[in-house]
Amino acid sequence: MQYHLNHLKELEAESIFIIREVAAQFENPVLMFSGGKDSILMTHLAMKAFYPARIPFPLLHIDTGHNFQETIEFRDQMVEKLGARLIVGSVQEAIDQGLVTEEKGFNASRNGLQTTALLEALEKGKFDAALGGARRDEEKARAKERFFSHRDEFGQWDPKNQRPELWNLFNGKKQFGEHFRVFPISNWTELDVWQYLAAEKVELPNLYFAHTRKVFLRDGVYLADTDFIAKRPTEEIIDMQVRCRTIGDMTCTGVWPSSATTIEGIIEEVATTRQTERGGRTDDKRSETSMEDRKKQGYF
């Protein structure tokens, strides 16, 4: 156990070092916040990185308008507690302005529309670095990312032309209009995240813990019942004890049958499961390269 605690401390030190590098190298960074466990971890690490001062950059949440209500409530409570500045980019506003077109049909989702809202928010705020909570173990496209991930003036990512990162040296040089996405917890696993959150006693949304919810089964994935999703006549709404492993747009965030009502129970589940946490994300199933295609266009 002592060895494992040392492992978590090494991950913590690496992430805090990268967060401080961002503050040192960039003029106007922002921390992307979704209300999920990874962005909560990122916020906690940023708080530790600059303590006793407040986090020196704002939090940016891209609101699809189809979020779990619990996520929004937790976000607002956490921001108030930290005394942080919150910026909200709105997918609904992007739709209203004609920048994107809302999908129709049973599989409609606003998840992919976040890219436009994100790029608009980064441009409006003149942010030159956006810290995100992506991890390499989540998905094969994210495994290709560097800690400092360069984006061109259109917010696009070229996975075949990334800068080397040797001996913890990070190159943040860029041209006017370009920016970086920075991923300080790239080397963490899902299990690392949960064990660290448990050790640090970090407060989490109740969505992560088992609770009874109305759900329906679609293509092997349980989805929370909501007016945001058009149900097929054959899809039966049932009450089930479930929890979220990831938190995002309700239209594509699967929920998992679970009895884990404590963080210790979650750790036991994660340690024994064979399916990745994004295995319940229906947006990742649209094509073999779904995530990579979205990231090239400017997605998180």
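For the structure given in this document, a descriptive report is provided here.

### A closer look at the pattern of salt bridges
Turning to step 1, where the next piece is worked out: Under the counting rule described, the total for this entry stands at 17 salt bridges.
Turning to step 2, where the next piece is worked out: We note a salt bridge from Lys-48 to Glu-200, for which the minimum N-O separation is 3.1 Å. Of this pair, Lys-48 sits in helix H2 (residues 37-50) while Glu-200 is found in helix H6 (residues 190-200), placing the two residues 152 residues apart along the sequence.
Turning to step 3, where the next piece is worked out: The partner of Arg-75 in a salt bridge is Asp-76, and the shortest N-O contact between them spans 2.9 Å.
Turning to step 4, where the next piece is worked out: The class for Arg-75 is buried, based on a relative accessible area of 8%.
Turning to step 5, where the next piece is worked out: The class of Asp-76 is partly exposed, set by a relative accessible area of 37%.
Turning to step 6, where the next piece is worked out: Each of the salt bridges in this network shares a partner with another, and the network as a whole consists of Lys-9, Glu-12, Lys-48 and Glu-200.

### A few points about the sheet that holds strand S1 (residues 29-32)
Strands in a sheet are paired, the pairing made by backbone hydrogen bonds, and the direction either parallel or antiparallel.
Turning to step 1, where the next piece is worked out: Spatial ordering of the open sheet is given by S3-S2-S1-S4-S6-S5, a layout of six strands whose pairing is mixed. Looking along the sheet, the strands with just one partner apiece sit at the ends: strand S3 (86-90) and strand S5 (148-151). Taking the axes of each pair of neighbouring strands and ignoring which way they run, one obtains an average angle of 30 degrees across the sheet.
Turning to step 2, where the next piece is worked out: As defined by bridge partners, S5 adjoins strand S6 (residues 179-182) across four bridges and the pair is classed as antiparallel. Bridge pairing in S6 places Arg-151 opposite His-179.
Turning to step 3, where the next piece is worked out: Relative to strand S2 (residues 59-63), helix H3 (residues 69-82) is tilted by about 165 degrees, and along the sheet it contacts S2 and S3.
Turning to step 4, where the next piece is worked out: Of the strands in this sheet, S1, S2, S3, strand S4 (129-131) and S6 are in contact with helix H5 (residues 114-125), which crosses S2 at around 145 degrees.

### With respect to the environment of Gly-125
Turning to step 1, where the next piece is worked out: By the element assignment, Gly-125 lies in helix H5.
Turning to step 2, where the next piece is worked out: Residue classification places Gly-125 among the partly exposed residues on the basis of a relative accessible area of 26%.

### Details of a nonpolar patch on the surface
Turning to step 1, where the next piece is worked out: Among the surface-exposed residues, Leu-166, Trp-167 and Leu-169 lie close enough to one another that they form a single nonpolar patch of about 420 Å² accessible area.
Turning to step 2, where the next piece is worked out: Positionally, Leu-169 belongs in the loop between S5 and S6.

### Focus on the sheet that holds strand S7 (residues 211-218)
Turning to step 1, where the next piece is worked out: Spatially, four strands are ordered S7-S8-S10-S9 in a closed barrel, and the strand pairing comes out antiparallel. Averaged over all adjacent pairs, the angle separating strand axes in this sheet is 70 degrees, with direction ignored.
Turning to step 2, where the next piece is worked out: Sheet topology note: the S7/strand S9 (residues 238-244) ladder contains five bridges and is antiparallel. When the sheet's bridge partners are listed, Val-215 is paired in S9 with Ile-238.

### Structural notes on the side chain of Arg-243
Turning to step 1, where the next piece is worked out: By secondary structure assignment, the location of Arg-243 is in strand S9.
Turning to step 2, where the next piece is worked out: According to the relative accessible area criterion, Arg-243 is buried, its value standing at 1%.
Turning to step 3, where the next piece is worked out: Within the local environment of Arg-243, its side chain forms a polar contact with the side chain of Glu-269, the two groups lying 3.0 Å apart.

### Points about the pairing of S9
Walk down a regular strand and you will see the side chains alternate between the two sheet faces.
Turning to step 1, where the next piece is worked out: Inspection of the sheet shows S9 paired to strand S10 (residues 254-257) by three bridges, in the antiparallel sense. Each residue of the ladder has a partner; that of Cys-244, found in S10, is Val-255.

### Some words on the packing of H2 against H6
Turning to step 1, where the next piece is worked out: Here H2 crosses H6 at 55 degrees, and the two axes come no closer than 11 Å. The pairing of H2 with H6 is recorded here as oblique in orientation. For H2 against H6, the interelement crossing comes out left-handed. When H2 is examined against H6, the residues Lys-37, Asp-38, Leu-41, His-44, Leu-45 and Lys-48 are found in contact with a partner set consisting of Glu-190, Val-193, Trp-194, Tyr-196, Leu-197 and Glu-200.
Turning to step 2, where the next piece is worked out: A per-class count over the contact of H2 with H6 returns six nonpolar, one polar and five charged.

Cut-offs applied
- Residues numbered from 1 in each chain as written.
- Predicted model: local features only at pLDDT ≥ 70, side-chain atom pairs only at ≥ 80, totals over all residues.
- Heavy atoms only, no water.
- Salt bridge = Lys/Arg side-chain N within 4 Å of Asp/Glu carboxyl O.
- Helix = DSSP H or I, 4+ residues; strand = E, 2+ residues; numbered from the N terminus.
- Buried < 20%, exposed > 50% of the residue type's maximum accessible area, 1.4 Å probe, protein only.
- Pairing = 2+ DSSP bridges.
- Axes fitted to C-alpha atoms, helices over the stretch in contact; angles between N-to-C directions.
- Contact = heavy atoms within 4.5 Å.
- Patch = residues over 30% accessible without salt bridge, like charges linked within 9 Å, V, L, I, M, F, W, Y side chains within 5 Å.
- Areas by Shrake-Rupley, 256 points an atom, 1.4 Å probe, with all protein chains shown as cover.
- Polar contact = N/O pair within 3.5 Å; in protein donor to acceptor, adjacent residues only side chain to side chain.
- Parallel < 35°, antiparallel > 145°, perpendicular 65-115°, else oblique.
- Left-handed = near helix turned anticlockwise from the far one by under 90°.
- Nonpolar A, V, L, I, M, F, W, Y, C, P; charged D, E, K, R; others polar.

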